[in-house]
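Below are the chains, spelled out letter by letter.
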Amino acid sequence: MSTSLSPKRTVAELKELRSFTADENGAQRVAFTPKWVETRGWLRKKLEALPVEVHTDAAGNLWATLRGASDRALLLGGHMDSVPNGGWLDGCLNVLAALEVLRRIATQYHGKPPITVRLVDWADEEGARFGKSLFGSSACSGTLNMDEARRLKDKDGVSLPDALNKVGVDFECVKESGAELKNAGAYLELHIEQGPVLLDLDLPLGAVLGTFGVERHAITFHGQAAHSGSTPMNRRKDAFLAAAKMSSEIYRIAERSHGGVCTIGSCTTKPGIVTSVVAECTITLDQRHLDKAALGRMLQEAKGASERFAAEGNVRVSWARLWQIEPVLFNPELIEMCSESIAEICGKTLRLPSGPLHDAAEVARAGVPTVMMFVQSLYGISHNKIEDTKEEHLEMCVTAFDKLAEKTLQWLSERGL
Ligand SMILES: [Zn+2]
C-alpha cells in the first residue's frame, strides 16, 4: 500500500476553505451563489494537479474522473455547498477526503487504477435557498419531481430554473445527468454524524446502515370556539386538549418502535386568542425509522391515538400527508467493508442508521451499491458555526475512508465488472 495519503493535508485544506468561505457567523457556501462558484473554482484548481478529467453534468454536479483499466467506476462523493451560517465540515469534508483518496490512488497506480475512480461534488445538497434538499443527486438518480421543482422560488422570488440558468444549468435537462451513473459500481460517502450517537459512545467512526424512512403529516383537530369564561369545563370541545395529548404519546410510540424517532415540530391554534377555547389545532408530526414495517406501525399507532384523543374530547380529527420517503438500506457487503476499515484504524466500530437524508440515499435509490461512513461530531451539532470534530478524528476518518475505497476498488475489480 502506498503511503502517499496525507490526512493532515485534508485538515489543512479544510482550514484553507474555511478561511475564504466563512465569516464570524459560519460557512457561507450556499449553492448557486458567487461564494459557491468561487469554492468550486478553488476545488478545480486542486484537481488540476491530478491526471483527471473534470466536467460539470446537466444538473450542475461536478465530476473528476481518473480513468482506469475498466470503465466500471468507483464513486466518492460529497457536497461543497453549506447552509447559511453553516459548519466548516458538513459536506466539504467528504469532498476533500475523496480528493486525498484520489491523490493516493493516482500515485499508487501510476495514473491508471484497475477500475475508474470518480469524485463527485453534488450540487445543492442542502436545499437552503429553495427548500429542496438533494437537488443534484435526485436529478441524477431520476427521483426529482420536475413539476414541483420548477415552481420553487427563493425568498426574493427568484425561481430555481432562473438561478440554475445563472450558473449555466438548463433546468429542463437536469435529468440527463443520470447518464453519469451508467458505469457506477459503488458509491462511498464520508460524512460528519451531525448527531450525538458516536460522541456518547466515545467512538470516532461508525458504518452507516442506511437512511431513515420519513412520514411527515399535518394533523388537525376540529373542536368548537367557546367563551373562556362562560363555558363549563365539561361542555368544551377543546381541539388543543386532544392535540396536546399527542405530545406525550409520540414518546411512547417512539419507544415501542425500537430505534424510531417522532417529532411534533409545530402547533397552531384558531382562533388563537386568550379568551376562547381552541376551535382548531394543527400539529405537524415527523416520524422516522430505518425499518419500513416499523415506520408503518408508528404511523398507524399515531393515527389510532389521535382518533382516541379526538373521541375522548368530543372533537374530530383529520390527517394530511406532507411528505414521505421510504427507508434506504445500504449495501450489506459495503457495510461490512466499512466496518472492517474502521476497526483496522480505531479498533472498535459501530453500525448506526442515519437520521438525516444524504446524497448517498439518492445514489442507492438509483440502484448503485452504496455505503456511508460517519465521523463523530463534537456537541452532536451541525448546521451551526459551532459544528466541529476533533482533528485526530478527522485524520482517522480520512485514513479509514481511504481503506474502504481501496477495499471497494479491489471488490469491484475482483467481481470482474
Ligand atoms: Zn451534508
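Scroll up to find the structure.
About the thresholds
- Residues numbered from 1 in each chain as written.
- Predicted model: local features only at pLDDT ≥ 70, side-chain atom pairs only at ≥ 80, totals over all residues.
- Heavy atoms only, no water.
- Phe/Tyr/Trp six-rings, centres within 6.5 Å; stacked < 30°, edge-to-face > 60°.
- Helix = DSSP H or I, 4+ residues; strand = E, 2+ residues; numbered from the N terminus.
- Buried < 20%, exposed > 50% of the residue type's maximum accessible area, 1.4 Å probe, protein only.
- Lys NZ or Arg CZ within 6 Å of the ring centre and 35° of its normal.
- Pairing = 2+ DSSP bridges.
- Right-handed = clockwise from strand over helix to strand, strands pointing away.
- Donors = N, O, S within 2.8 Å, 3.2 Å for Na, K, Ca; no water.
- Salt bridge = Lys/Arg side-chain N within 4 Å of Asp/Glu carboxyl O.
- Polar contact = N/O pair within 3.5 Å; in protein donor to acceptor, adjacent residues only side chain to side chain.
- Contact = heavy atoms within 4.5 Å.

Undergrad: Give a detailed account of the packing of aromatic side chains, specifying residues and quantitative values.
TA: For the structure on display, the rule yields 5 aromatic pairs. Residues Trp63 and Trp122 carry aromatic rings whose centres are separated by 5.7 Å and whose planes lie at 80° to one another, so their mutual orientation is edge-to-face. You can see Trp63 sitting in strand E4 (residues 62-66) and its partner Trp122 sitting in the loop between strand E6 (115-121) and helix H4 (135-141), a full 59 residues away along the chain. The pair formed by Trp63 and Trp122 is uniform in burial state, with each residue classed as buried. Clustering of aromatic rings is evident, with ring pairs tying together Phe32, Trp36 and Phe135. The cationic tip of Arg18 hangs over the ring face of Trp88; the distance from NZ or CZ to the ring centre is 4.2 Å. Of note, Lys303 hangs over the ring of Trp319, and the distance from its end group to the ring centre comes to 5.4 Å.

Undergrad: How would you sum up the pairing of strand E15 (residues 370-375)? Please name residues and give values.
TA: In terms of burial, E15 is a largely internal element, 6 of the 6 residues being buried. Examined bridge by bridge, strand E7 (residues 184-192) and E15 share 6 bridges and lie parallel to one another. When the bridges of E15 are listed, His191 appears paired with Phe374. Strand direction decides the pairing type here: strand E8 (residues 205-211) and E15, joined by 4 bridges, are antiparallel. Residue pairing across strands places Ala207 opposite Met373, the latter belonging to E15.

Undergrad: Could you give an account of the pairing of E6, naming the residues involved and the relevant values?
TA: The buried fraction of E6 amounts to 7 of the 7 residues, a majority that puts the element mostly inside the structure. Sheet topology places E4 next to E6; 5 bridges connect them, and they run antiparallel. Across the sheet, Thr65 pairs through a bridge with Arg118, a residue of E6. As paired elements, strand E5 (residues 70-78) and E6 share 7 bridges and run parallel to each other. Along E6, the bridge assignment pairs Leu76 with Leu119. One crossover worth recording links E5 to the parallel E6 by way of helix H3 (residues 92-108), and it is right-handed.

Undergrad: Account for the coordination of the zinc ion, naming residues and giving values.
TA: For the zinc ion, the full set of protein donor atoms is His79 (NE2), Asp90 (OD) and His191 (NE2), and the range of their distances to it is 2.0 to 2.2 Å. All donors of the zinc ion come from a single chain, and their spacing in sequence reads H-x10-D-x100-H. Linking His79 in the loop between E5 and H3 with His191 in strand E7, this pair joins segments that are 112 residues apart in sequence. Look at His79 and you get buried, because its relative accessible area is 0%. A relative accessible area of 0% places His191 in the buried class.

Undergrad: Let's hear about the pattern of salt bridges: which residues, and what values?
TA: One side chain can pair with another of opposite charge once the charged atoms of both are near each other. Per the stated rule, a full pass over the model turns up 31 salt bridges. For Lys46, the salt bridge identified is with Glu13, shortest N-O distance 3.5 Å. Placement of Lys46 in helix H2 (residues 34-48) and of Glu13 in helix H1 (residues 7-21) is noted, with a sequence separation of 33 residues between them. Residue class for Lys46 comes out buried when judged on its relative accessible area of 17%. For Asp147, the salt bridge is made with Arg150, and the minimal N-O distance between the two is 2.9 Å. Here Asp147 and its partner Arg150 are both found in helix H5 (residues 146-150), 3 residues apart, which amounts to about one turn of the helix. The class of Asp147 is partly exposed, set by a relative accessible area of 46%. Owing to a relative accessible area of 32%, Arg150 belongs among the partly exposed residues under this scheme.

Undergrad: How would you explain the side chain of Asp286 if you had to name every residue and give the values?
TA: Within the secondary structure layout, Asp286 lies in strand E11 (residues 280-289). A polar atom in the side chain of Asp286 sits 2.9 Å from the side chain of Arg216. Those residues in contact with Asp286 that lie beyond four places of it in its chain are Val214, Glu215, Arg216, Val261, Cys262 and Thr263.

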